[in-house]
Amino acid sequence: MRTWEHYEHTADIGIRGYGDTLEEAFEAVALALFDVMIDVREIEPHECREIEVEAEDLEALLYSFLEELLVLHDVEGLVFGDFEVKIERSGDGYRLRVKACGEPLSEKHKPKEEVKAITYHEMKIKQLEDGNWMVQLVPDI
């Protein structure tokens, strides 16, 4: 199960991802992030990028992961609609490796909102009572 949603937040949009695993929840929240900008169902996996980030805790890992995706969007004009995330313990923290696939932003994509930055605002990463994972935050729009 990998699902995501947007939730209302004063003057912004909250994003939330769910998954059977922590990795799936990270993938889902990345989809939610890009769906704030365009309809992710229109993205075709023509180009892939591999990213690796390390952080001392899961919140910092999530921040770094989404920030790297946003940098690729800003610098290379890419939008992503498919992710394969692997998370592992690394020394005193965590390492995330992701294969992100998508395509250059073009006329076929109908723009929605511009995401200016990733934030820690309302950031939560937790395992739910049913064993699934939930990840959320409010990016700067």
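Residues numbered from 1 in each chain as written. Predicted model: local features only at pLDDT ≥ 70, side-chain atom pairs only at ≥ 80, totals over all residues. Heavy atoms only, no water.

S.K.: Talk me through the environment of Glu113; I want residue IDs and the actual numbers.
M.R.: Tracing the backbone through its elements, the reader meets Glu113 in the loop between strand E5 (93-104) and strand E6 (124-127). Exposure remark for Glu113: the relative accessible area of 39% places this residue in the partly exposed category. As a C-alpha pair, Glu113 and Ile43 span 70 residues in sequence and 16 Å in three-dimensional space. (Helix = DSSP H or I, 4+ residues; strand = E, 2+ residues; numbered from the N terminus. Buried < 20%, exposed > 50% of the residue type's maximum accessible area, 1.4 Å probe, protein only.)

S.K.: Lay out the sheet that holds strand E4 (residues 78-90) with the relevant residues and their values.
M.R.: The three strands are arranged E3-E5-E4 in an open sheet whose pairing can be described as antiparallel. At either margin of the open sheet sits one strand with a lone partner, and together these are strand E3 (47-55) and E4. Direction aside, the axes of adjacent strands within the sheet are offset by 15° on average. Judged from the twelve bridges that link them, E4 and E5 form a sheet pairing that is antiparallel. In the sheet register, Phe83 faces E5, and the bridge partner there is Ala100. Here helix H1 (residues 22-37) sits on the sheet and contacts E4 and E5; the angle it forms with E4, its principal contact strand, is near 150°. In the packing of helix H2 (residues 58-76) onto the sheet, contacts are made with E3, E4 and E5, and the angle to E3 comes to roughly 145°. (Pairing = 2+ DSSP bridges. Axes fitted to C-alpha atoms, helices over the stretch in contact; angles between N-to-C directions. Contact = heavy atoms within 4.5 Å.)

S.K.: Please set out the environment of Glu47 residue by residue, giving values where relevant.
M.R.: Examined against the element boundaries, Glu47 turns out to sit in strand E3. Non-local contacts of Glu47, meaning those with residues more than four positions away in its chain, are made with Leu78, Ala100, Cys101, Gly102 and Pro104. Here the side chain of Glu47 touches Arg49 through a polar contact of 3.1 Å, side chain to side chain. (Polar contact = N/O pair within 3.5 Å; in protein donor to acceptor, adjacent residues only side chain to side chain.)

S.K.: Lay out the pattern of salt bridges in plain terms, naming residues and giving numbers.
M.R.: A side chain with one charge can pair with a side chain of the opposite charge if their charged atoms come near. Following the criterion strictly, the structure yields eleven salt bridges and no others. Two residues, Lys108 and Glu103, come together in a salt bridge whose shortest N-O distance is 3.0 Å. Salt bridges sharing partners connect three or more residues here, namely Glu52, Glu54, Glu88, Arg95 and Arg97. (Salt bridge = Lys/Arg side-chain N within 4 Å of Asp/Glu carboxyl O.)

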